[in-house]
Amino acid sequence: MPQLRVHNFCISLDGFGAGPDQSLDHPLGTGGERLHEWVFKTATGLAMVGGKGGTTGIDDEFLALGEQRVGATIMGRNMFGPVRGPWSSDPQWQGWWGPNPPYHHPVFVLCHEPRESIRMEGGTTFHFVTDGIERALERAHDAAGDLDVRLGGGVSTIRQYLRAGLVDTLHLSIIPILLGRGERLLDDGLTGYRTTRFVASDEAMHVTMTRV
Ligand SMILES: NC(=O)c1ccc[n+]([C@@H]2O[C@H](COP(=O)([O-])OP(=O)(O)OC[C@H]3O[C@@H](n4cnc5c(N)ncnc54)[C@H](OP(=O)(O)O)[C@@H]3O)[C@@H](O)[C@H]2O)c1
């Protein structure tokens with residue numbers, strides 16, 4: 001049965017999935033970009049942004065795993081971009097990823113402001129969902145068919161799906177840095193998961209948890 005999976009969601013040692021003060025210049029909040037530095041050292045991470053080379057090994061393996069058998073993605077509006085409030089304040093905003101985003105499937109963006117879907121190059125279409133997490137999941141599963149749905153982030157979105165008990169697999173990449181402030185992921189007393197894989201590279205501790 002198709003699953004809802006979180007992959008390569010990075011948190012700092014002190015538990016933050018984004019630093020404070022997200023903005024156009026600091027998509028991951030102040031200091032938060034350090035959470036993703038390892039991604040762009042790997043072959044898979046570099047290929048996603050049109051680059052070549054990069055490392056193979058544990059980190060690359062986990063990144064590649066996150067792409068496999070995924071037919072749709074769900075994300076929160078803050079992960080989609082820096083625009084807050086009415087979309088009309090910046091109608092041109094089409095996500096951080098340029099004209100050909102690295103999804104290549106339907107992406108469902110949770111938000112409170114309705115907006116027309118945006119068809120991008122390479123098979124990605126952004127759909128804006130204003131009627132809640134369950135409806136977004138339903139639409140994502142419908143779009144993905146036999147494939148799984150990936151829950152991309154950010155923090156608030158993953159927390160909601162965890163609280164609702166809807167996440168089947170939660171893979172966290174724990175980065176050995178301290179952010180001190182920002183958006184914390186695991187503050188809701190999460191239970192009902194067991195660790196099914198734990199391995200560390202020079203860059204990250206990878207912990208995979210599966211819903212019991
Ligand atoms: N560490 C990682 O690996 C990783 C991965 C992905 C993203 N991130 C980072 O995480 C940060 C974003 O996380 P975040 O917690 O600030 O926000 P988020 O989860 O991306 O988005 C939250 C926003 O989405 C909308 N939303 C969420 N749930 C909703 C619901 N049930 N109904 C309607 N709208 C809903 C709301 O927007 P409105 O009310 O404005 O409509 C809400 O303010 C960014 O800095 C991003 O770069 C980190």
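As the structure is a prediction and not an experimental result, all values here were calculated from the model.

S.K.: Any chance you could explain the site of the ligand here in plain terms?
M.R.: Taken together, 23 residues are adjacent to the ligand, and Cys10, Pro27, His112, Ser156 and Thr157 come closest. A distance of 2.9 Å separates an oxygen atom of the ligand from a polar backbone atom of Met79. Relative to its free-state accessible area of 940 Å², the ligand is covered by the protein chains to the extent of 86%. Broken down by secondary-structure element, the contributors of at least two residues to the shell around the ligand are strand 1 (4-12), strand 2 (16-18), helix 3 (77-80) and helix 5 (155-163). Here the shell around the ligand takes four residues from helix 5, the largest share from any one element.

S.K.: Quick question: what am I supposed to make of the nonpolar core here?
M.R.: Ranked by size, the top nonpolar core spans 28 residues in total, and within it Phe9, Ile74, Leu151, Tyr161, Val167 and Leu172 carry the most contacts. Of all the secondary-structure elements, those providing two or more residues to this core are strand 1, strand 3 (70-76), strand 4 (106-110), helix 4 (133-144), strand 7 (148-153), helix 5, strand 8 (169-175) and strand 11 (205-211). Residue contributions to this core peak at five residues, all from helix 4. Sequence-distant contacts of Tyr161, defined by excluding residues within four places in its chain, comprise Leu4, Ile74, Leu110, Ile133, Ala136, Leu137, Leu151, Leu166 and Val167.

Each value, and the rule that gives it
- Residues numbered from 1 in each chain as written.
- Predicted model: local features only at pLDDT ≥ 70, side-chain atom pairs only at ≥ 80, totals over all residues.
- Heavy atoms only, no water.
- Near = heavy atom within 4 Å.
- Polar contact = N/O pair within 3.5 Å; in protein donor to acceptor, adjacent residues only side chain to side chain.
- Areas by Shrake-Rupley, 256 points an atom, 1.4 Å probe, with all protein chains shown as cover.
- Helix = DSSP H or I, 4+ residues; strand = E, 2+ residues; numbered from the N terminus.
- Core = buried A, V, L, I, M, F, W, Y, C linked by side-chain atoms within 4.5 Å.
- Buried < 20%, exposed > 50% of the residue type's maximum accessible area, 1.4 Å probe, protein only.
- Contact = heavy atoms within 4.5 Å.

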